[in-house]
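# Residue-level structure breakdown
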Amino acid sequence: MTIALHGLGISRGIAIGPAHIIERDQLEIPEYEIDLERVTDETQRLQDAVLAAQDQLRAIRRHIPAGTAAEIAALIDAHMLMLDDASLIHEPLRLIREERRNAEWALKAQRDALVRTFEEMDDAYLRTRRDDVVHVVNRIQRILLNHSPLRHEQPDSRLAGYIIFADDLTPADTVLMQHHGIAAFVTEYGGPTSHTSILARSLGIPAIVGLHQAHTYLRDEDVIIVDGAQGVVLADPDAASLEFYQARREQDQRYYSGLIRLKDATARTRDGVRIQLQANVELTRDFDHVLQVGADGIGLYRTEFLFMNRAEPPDEEEQYRTYLRAIQMLGRMPVTIRTLDLGADKEVDGGGRQGSLAANPALGLRAVRLCLKEPALFRPQLRAILRASAAGDVRLMIPMLSNLHEVDQVLGMVDDIKRDLNGAGIEFNPDLPIGGMIEVPAAAVCADLFAKRLDFLSIGTNDLIQYTMAIDRVNDEVNYLYDPLHPAVLRLVHGTIAAGLAADIPVAMCGEMAGDIRYVRLLLALGLRCFSVHPASLLEVKQIIMECEMGPLQELARRALAAQSGAAVAAILDEFRLPAEATS
Ligand code: PEP
Ligand code: MG
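Let me sum up the structure you'll find in this document.

What counts and how
Residues numbered from 1 in each chain as written. Chains lettered and ligands numbered in written order. Predicted model: local features only at pLDDT ≥ 70, side-chain atom pairs only at ≥ 80, totals over all residues. Heavy atoms only, no water. Helix = DSSP H or I, 4+ residues; strand = E, 2+ residues; numbered from the N terminus. Buried < 20%, exposed > 50% of the residue type's maximum accessible area, 1.4 Å probe, protein only. Contact = heavy atoms within 4.5 Å. Areas by Shrake-Rupley, 256 points an atom, 1.4 Å probe, with all protein chains shown as cover. Pairing = 2+ DSSP bridges. Axes fitted to C-alpha atoms, helices over the stretch in contact; angles between N-to-C directions. Salt bridge = Lys/Arg side-chain N within 4 Å of Asp/Glu carboxyl O. Polar contact = N/O pair within 3.5 Å; in protein donor to acceptor, adjacent residues only side chain to side chain. Donors = N, O, S within 2.8 Å, 3.2 Å for Na, K, Ca; no water. Expected span 1.5 Å × (residues − 1). Phe/Tyr/Trp six-rings, centres within 6.5 Å; stacked < 30°, edge-to-face > 60°. Lys NZ or Arg CZ within 6 Å of the ring centre and 35° of its normal.

### Details of the overall build of the chain
The number of helices and strands found in the chain is 22 helices and 16 strands. Counting the 584 residues in the chain, one finds 55% classified as buried. Sequence-distant contacts, at least 24 apart, represent 71% of the contacts inside the chain between residues at least 6 apart. Of the roughly 24,400 Å² of accessible surface on the chain, 50% is carried by carbon and sulfur atoms.

Structure (structure tokens):
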């Protein structure tokens, strides 16, 4: 009988294949007392297991595909460092020697103690470290228990075509899986903005998170269908479902490969209105993708990914060289570098700070607030961006603005750095455009004030919706309230676009709403003329733009802004639906 399970689709695409279930955190750990004469052997067994775990990680590192983000290798290095640290097995060795415990049990005791410590601190940054401890300890346990290494980590393609089910996956797992030709993955935990979700989209692997019942219903080798767009898993599908999804998969493939014909077309509506269609990038590898889809430059470069999975933040020189490479790849096209947006769900080691103990980190010290508080973190980035600005059309963008004094402080620091650079004879663009993200309702309501101080605005709907609706964007329990069509959101978006127009400065949108083809007409109707979207969505958005005519959209805008609910706006949008949106 076909079973349908629902999660949160975070990376679209249809996959059909056998299941491989990774029971990562469910090892059976035996507990027994060892004889006195076996103590030396048992301590040696534990030390050998650590060495074998190091060998496994070295092998994984060697098999990372060329072109993979440096962050992934850094993550594996972090696990290797943990294995190198003698304190990890210091206490287990004591338990073996003094309490004559078996190695597995002694190691589990250590793991539990460390996990408890991290969990008591209840902080996003430290939670990440907790997961690393669990992953590293489980690797040693598998060796002790004579488990073979996880199949997806072996350097062969036995799992090609498999659909992976796991409690949770690290970014390193995700990259290796793609290397071995994994068809899709599904996890019980994780939100749409976790590292793993972001990587899945960037690697083009269909994926679903938040599918809680998977382990209850599925077994290894069951045939599974994954619909990454809808967040649906079908287990034991009947012949009709298989036929339907096979046809859908072929149709999707034809559709996406057909879109490439639009690569060199200008994004212009039927009645000639030119729309800027830029790309969002996270990883270095995304820059190739930007060129492949013919974007009009980069509208959002999320620089915080450079700081992830490493012990120290990149220094000014490393940042400068990274930005320079991107700018040189893009030629004369604009590159909008967003300054660090660390904090909330994006706590990272490379921020070079201890995790905060905030109860509501999304409302806490993140993005520009954190940068202004920690100039030692911020100044090198501002210097690197300014230096890189000599090489091309660089724009600097400030995230999470809520007060004008934040703009003034950043502008003050930029002026200061310009003086330093001038004094040192270092080149930069003295007219570097500086813009701000409108993603806090306070800033959207006062967009006219920000528009007077800044060279451009960019609407970050991911956060703007989170804060307007008071829902944590990574919490799948309140995801149902995440509604880009809510009248409050539309009014804030419309007001921001109008403020930009009145001040004669460009307004872009770089949140996920801009890349969702269901909303393109509405955004055009509201006056948006610059979209910044993930490269994978860019050609689809272009197709919609090229089918639109601005005339009838005036009526759409009028009616949508007068509507009383998101559902009413959705119904109005349906009336104005275009043929190209049939695939959405
Ligand atoms: C946003 O909030 O819409 C945005 C683009 O920024 P991020 O998703 O990185 O917070
Ligand atoms: Mg944001």
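### A word on the sheet that holds strand S1 (residues 3-6)
Ordered in space as S1-S8-S7-S3-S4-S5-S6-S2, the 8 strands form an open sheet in which the pairing is mixed. Of all strands in the sheet, those with a lone pairing partner are S1 and strand S2 (8-11), marking the two edges. Taken pair by pair, the neighbouring strands of this sheet meet at an average axis angle of 30 degrees, ignoring direction. Pairing of strand S4 (residues 163-166) with strand S5 (residues 184-187), which is carried by 4 bridges, proceeds in the parallel orientation. Note on S5: the bridge partner recorded for Phe165 is Val186. On top of the sheet, helix H9 (residues 239-259) reaches strand S3 (14-22), strand S7 (223-227) and strand S8 (232-235); it is set at about 115 degrees to S3, its chief contact.

### Examining the pattern of salt bridges
Applying the stated rule across the entire model yields 33 salt bridges. A salt bridge links Arg45 to Glu42, with the nearest nitrogen and oxygen atoms 3.0 Å apart. Of this pair, Arg45 and Glu42 are both found in helix H1 (residues 39-62), 3 residues apart, which corresponds to roughly one turn of the helix. With a relative accessible area of 25%, Arg45 lands in the partly exposed category. Exposure remark for Glu42: the relative accessible area of 0% places this residue in the buried category. Between Arg395 and Asp393 there is a salt bridge, and its shortest N-O distance comes to 2.9 Å.

### What to know about the side chain of Ser532
Looking at the secondary structure, you find Ser532 in strand S16 (residues 530-533). A polar contact is formed between the side chain of Ser532 and the backbone oxygen of Ala279, at a distance of 3.3 Å. Side-chain polar atoms of Ser532 contact the side chain of Asn280, separated by 2.6 Å. Setting aside anything within four residues of it in sequence, one finds Ser532 in contact with Gln278, Ala279, Asn280, Gly299, Leu300, Met509, Cys510, Gly511 and Ala514.

### Focus: the coordination of the magnesium ion (ligand 2)
Here the magnesium ion (ligand 2) is held by the protein donor atoms Glu439 (OE) and Asp463 (OD), which lie 2.0 to 2.1 Å from it. Taken together, the positions of Glu439 in the loop between strand S13 (434-438) and helix H15 (441-445) and Asp463 in helix H17 (residues 461-469) put the pair 24 residues apart, joining distant regions of the chain. By the burial criterion, Glu439 is buried, and Asp463 matches it.

### Topic: helix H11 (residues 316-330)
Given a rise of 1.5 Å per residue, 15 residues ought to cover 21 Å, and the 21 Å separating the end C-alpha atoms of H11 matches this to within 8%. Those residues of H11 lying buried are Glu316, Gln319, Tyr320, Thr322, Tyr323, Leu324, Ala326, Ile327 and Leu330.

### Examining the environment of Leu454
In this fold, Leu454 is placed in the loop between helix H16 (447-453) and strand S14 (456-459). Excluding residues within four positions of it along the chain, Leu454 makes contact with Ile398, Leu401, Val407, Ile434, Gly435, Gly436 and Ile505.

### Notes on the packing of aromatic side chains
Evaluation of the coordinates by the stated rule reveals 4 aromatic pairs. A centroid spacing of 5.1 Å and a plane angle of 90 degrees characterise the contact between Phe244 and Tyr245, whose relative ring orientation is edge-to-face. Ring centres 5.0 Å apart and planes at 65 degrees place the aromatic pair Tyr255 and Tyr256 in the edge-to-face group. Three or more aromatic residues joined by ring pairs form one cluster here, namely Phe287, Tyr301 and Tyr323. Positioned above the aromatic ring of Tyr320 is the side chain of Arg387, whose terminal nitrogen or guanidinium carbon lies 4.0 Å from the ring centre.

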